[in-house]
Amino acid sequence: MSTTSRPSLLIRPEKDTFLNEENPFEAMMSRFDYAAERLSLDPGLYKVLRSPEKQIIVSVPIHRDSGEVEVFTGYRVLYNTSRGPAKGGIRFDMQVTLDEVKALAAWMTWKCAVVNIPFGGAKGGVVCDPPNLSLAELERITRRYTSAIIETLGPDSDVPAPDVNTNERMMAWIMDTYSMHKRHTVTAVVTGKPIEMGGSQGRREATGRGCMLVTREALKTLGLPIRDTRVAVQGFGNVGSIAAQLMEELGLTVVAVSDKSGGIYNPKGLRIKEVQQHVRQHRFLSEYKEADHIPNEQVLTLDCDVLVPAALENVITSKNARDVKARIICEGANGPTTANADRILEEKGVFVIPDILANAGGVTVSYFEWVQDRGGYFWDEDTVNQRLERIMVQSFDEVVAMANKHSVNTRVGAYMQAIERVAAVHRLRGMYA
Ligand code: NAD
């Protein structure tokens, strides 16, 4: 087998570099602390919600294509399963650490609770460098990691999904490995699968669609018209390009988008389908001819009404928050805004739709995938989209109501909503001893 064969669908190698100047997960937990304090959370329950339920570290030995044996380290953390099976992606990356996986698993717990889907939070990862591994090596890592954590996995206990550098191909291998052990096909053990083997219609577009829906609701809340509303989107991958497309279809004017090669700008509005076509053919925006080119940081401070950071964490910081002109920020990415920037945006009166709400469309349709797999009955795309819309709109309303009730910003409101839901189940279930 060749060491040079590479997976054709490897995704997102460039993003999510953690533990840089401001650790977004520490920032997330500090927001959790603040929300818990505002809720006067019982100190005992606070301790429970601050601690991951289960942390697994495994060795993942495989034969490299050269015949040499290599041993990788894998993690799976189940943060909280009081509301249902643990749900969360698996990432393959050199930056993976147990602390990072723990924090991401906590994040998933709050995200599932904000949209009120019956899942707890989990995350997993293997410390490896996918660009330097062949497809066959990645398959061996995926299958060995799956078998190492197999006692935890299962439709009723722990349901992984794709994350950084993992994709539907790997989800297919996880499903197959698990099913071979169980001696029957178990599609609901993992989500983000190919449609042919139990994936859901609408999953690919779900995160961007969720962004469009909550932005529409924010415009309504602020009494701003759809017409003449200008949008700038940072990141033109899965989330950013679909959000831009659906916002344009809604009637908004998308004036700028960017990717890691730079930004493009047209004050009269870009034609998003043409831009998508260009990226399909040429990969990057840098050669796009029908618009002006701008540095990608400028997209964040452009004269516009809605800003959608949909690329990386920590991009809106104390350094540029004062220059943000948008009235609404819809956080398509995880952790794009630092805690310091939050304070500045609040002073400026910017309406932030926080990540744990704004990008929860993805996990919501993952939930639909799990439901469809368990029921063995598959929905058409319209049904998926209608049900997603109902959940996103209701969750948005609940977060705004919580923020108004406690006179806090929408981010704190979202955390309060999540913590209240997880805490309520803990109180009802009581403490098993
Ligand atoms: P992706 O890899 O498909 O796209 C990322 C995009 O960001 C690419 O266009 C890339 O060129 C661009 N980018 C990278 N560096 C940039 C920079 N410095 N400036 C501007 N653009 C830059 O990834 P994705 O799936 O769209 O995920 C984007 C973000 O959304 C991540 O934070 C991810 O964790 C989060 N998210 C994704 C999903 C999902 O369903 N895909 C769900 C929830 C959250």
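Residues numbered from 1 in each chain as written. Predicted model: local features only at pLDDT ≥ 70, side-chain atom pairs only at ≥ 80, totals over all residues. Heavy atoms only, no water.

Novice: Where do I start with the overall build of the protein in this structure?
Specialist: The number of helices and strands found in the protein is 14 helices and 12 strands. Its C-alpha atoms give the protein a radius of gyration of 21 Å, near enough to 22 Å, the size a compact globule of 433 residues would have. With 433 residues in all, the protein has 59% of them scored as buried. Contacts spanning at least 24 positions in sequence make up 70% of the contacts within the protein whose residues lie at least 6 apart. If you sum the accessible surface of the protein, you get close to 18,200 Å²; carbon and sulfur atoms cover 48% of it. (Helix = DSSP H or I, 4+ residues; strand = E, 2+ residues; numbered from the N terminus. Rg over C-alpha atoms; globule rule 2.2 N^0.38 Å. Buried < 20%, exposed > 50% of the residue type's maximum accessible area, 1.4 Å probe, protein only. Contact = heavy atoms within 4.5 Å. Areas by Shrake-Rupley, 256 points an atom, 1.4 Å probe, with all protein chains shown as cover.)

Novice: Please clarify how unusual backbone geometry should be interpreted in this entry.
Specialist: Backbone phi values are negative for most residues with the exception of glycine, while trans is the configuration of most peptide bonds. Located in the positive-phi region is S40, a residue other than glycine, with phi close to 50°. Structurally, S40 is set in the loop between α1 (24-38) and α2 (43-49). A relative accessible area of 63% means that S40 is categorised as exposed. Positive phi values are uncommon outside glycine, yet R183 reaches one of about 70°. Relative to the assigned elements, R183 resides in the loop between α5 (168-182) and α6 (203-222). Given the relative accessible area of 73%, R183 is considered exposed.

Novice: It is not clear to me how the side chain of R83 should be interpreted in this structure. Could you clarify?
Specialist: Considering the arrangement of structural elements, one finds R83 in the loop between β2 (69-80) and β3 (86-92). Buried within the structure, R83 lacks any salt-bridge partner; E398 is the closest side chain of opposite charge, at an N-O distance of 9.1 Å. At a separation of 3.1 Å, a polar atom in the side chain of R83 contacts the side chain of N116. Here R83 is in contact with C112, A113, N116, I117, P118, F119, R421, V422 and V425, once residues within four sequence places are set aside. (Lys, Arg positive; Asp, Glu negative; His and termini not counted. Salt bridge = Lys/Arg side-chain N within 4 Å of Asp/Glu carboxyl O. Polar contact = N/O pair within 3.5 Å; in protein donor to acceptor, adjacent residues only side chain to side chain.)

Novice: It is not clear to me how the sheet that holds strand β10 (residues 306-309) should be interpreted in this structure. Could you clarify?
Specialist: Sheet strands line up and pair through hydrogen bonds in the backbone, either parallel or antiparallel. Across the sheet, which stays open at both edges, the 7 strands sit in the order β9-β8-β7-β6-β10-β11-β12 with mixed pairing between neighbours. In this open sheet, the two strands that pair with only one neighbour each are β9 (292-294) and β12 (351-353). Averaged over all adjacent pairs, the angle separating strand axes in this sheet is 20°, with direction ignored. In terms of strand pairing, strand β7 (residues 253-259) meets strand β8 (residues 262-265) through 4 bridges, oriented antiparallel. Paired with S258 across the bridge in β8 is G263. (Pairing = 2+ DSSP bridges. Axes fitted to C-alpha atoms, helices over the stretch in contact; angles between N-to-C directions.)

Novice: Help me understand the side chain of S395, please; the structure alone is not making it clear to me.
Specialist: Its place among the elements puts S395 in helix α13 (residues 381-406). One polar contact links the side chain of S395 to the main-chain carbonyl oxygen of I391, over a distance of 2.6 Å. Setting aside anything within four residues of it in sequence, one finds S395 in contact with V114, V115 and L357.

Novice: Where do I start with the packing of aromatic side chains in this structure?
Specialist: The geometry of an aromatic ring pair is captured by two quantities: the separation of the ring centres and the angle between the planes. This structure, assessed with the given rule, holds 9 aromatic pairs. Considering the side-chain rings of F119 and W370, the 4.9 Å spacing of their centres and the 65° angle between planes classify their relative orientation as edge-to-face. With F119 in the loop between α3 (98-114) and β4 (120-127) and W370 in helix α12 (residues 361-375), this pair connects stretches of sequence that are 251 residues apart. The pair formed by F119 and W370 is uniform in burial state, with each residue classed as buried. Connected via pairs of aromatic rings, a cluster forms that spans F119, Y367, F368, W370 and W379. In this arrangement the basic side chain of R387 is found over the ring face of W379, its NZ or CZ atom lying 4.4 Å from the centre. (Phe/Tyr/Trp six-rings, centres within 6.5 Å; stacked < 30°, edge-to-face > 60°. Lys NZ or Arg CZ within 6 Å of the ring centre and 35° of its normal.)

Novice: Teacher, can you tell me more about the pairing of strand β6 (residues 230-234) here?
Specialist: Residues in a regular strand project their side chains so that they alternate between the two faces of the sheet. The buried fraction of β6 is high, at 4 of 5 residues. The pairing of β6 with β7 spans 5 bridges and is classified as parallel. Counterpart to R230 in the pairing with β7 is T253. Viewed along the sheet, the connection from β6 through helix α7 (residues 238-250) into β7 turns out right-handed. Pairing analysis gives 4 bridges linking β6 to β10, with the strands arranged parallel. Pairing of V233 across the sheet is with V308, part of β10. (Right-handed = clockwise from strand over helix to strand, strands pointing away.)

Novice: What should I look at first to understand the pairing of β4 in this one?
Specialist: Counting buried residues along β4, 7 of its 8 residues qualify, which places the element largely inside the surrounding structure. Where β2 and β4 come together, 7 bridges link them in antiparallel fashion. Bridge pairing in β4 links G74 to V126. Here β3 pairs with β4 via 5 bridges, running parallel. Bridge pairing in β4 places K87 opposite G121. Regarding topology, α3 serves as the crossover connection from β3 to the parallel β4, and that connection is right-handed.

Novice: Before we go on, may I ask you to explain the nonpolar core in this structure?
Specialist: Proteins that are soluble and globular tend to have nonpolar side chains buried together. Counting residues in hydrophobic clusters, the biggest one holds 89 residues, and the most contacted among them are W110, V257 and I353. It is α3 that contributes the most residues to this core, 10 residues altogether. Counting 26 residues, the second largest nonpolar core, distinct from the first, contains I90, I141, Y145 and V190. (Core = buried A, V, L, I, M, F, W, Y, C linked by side-chain atoms within 4.5 Å.)

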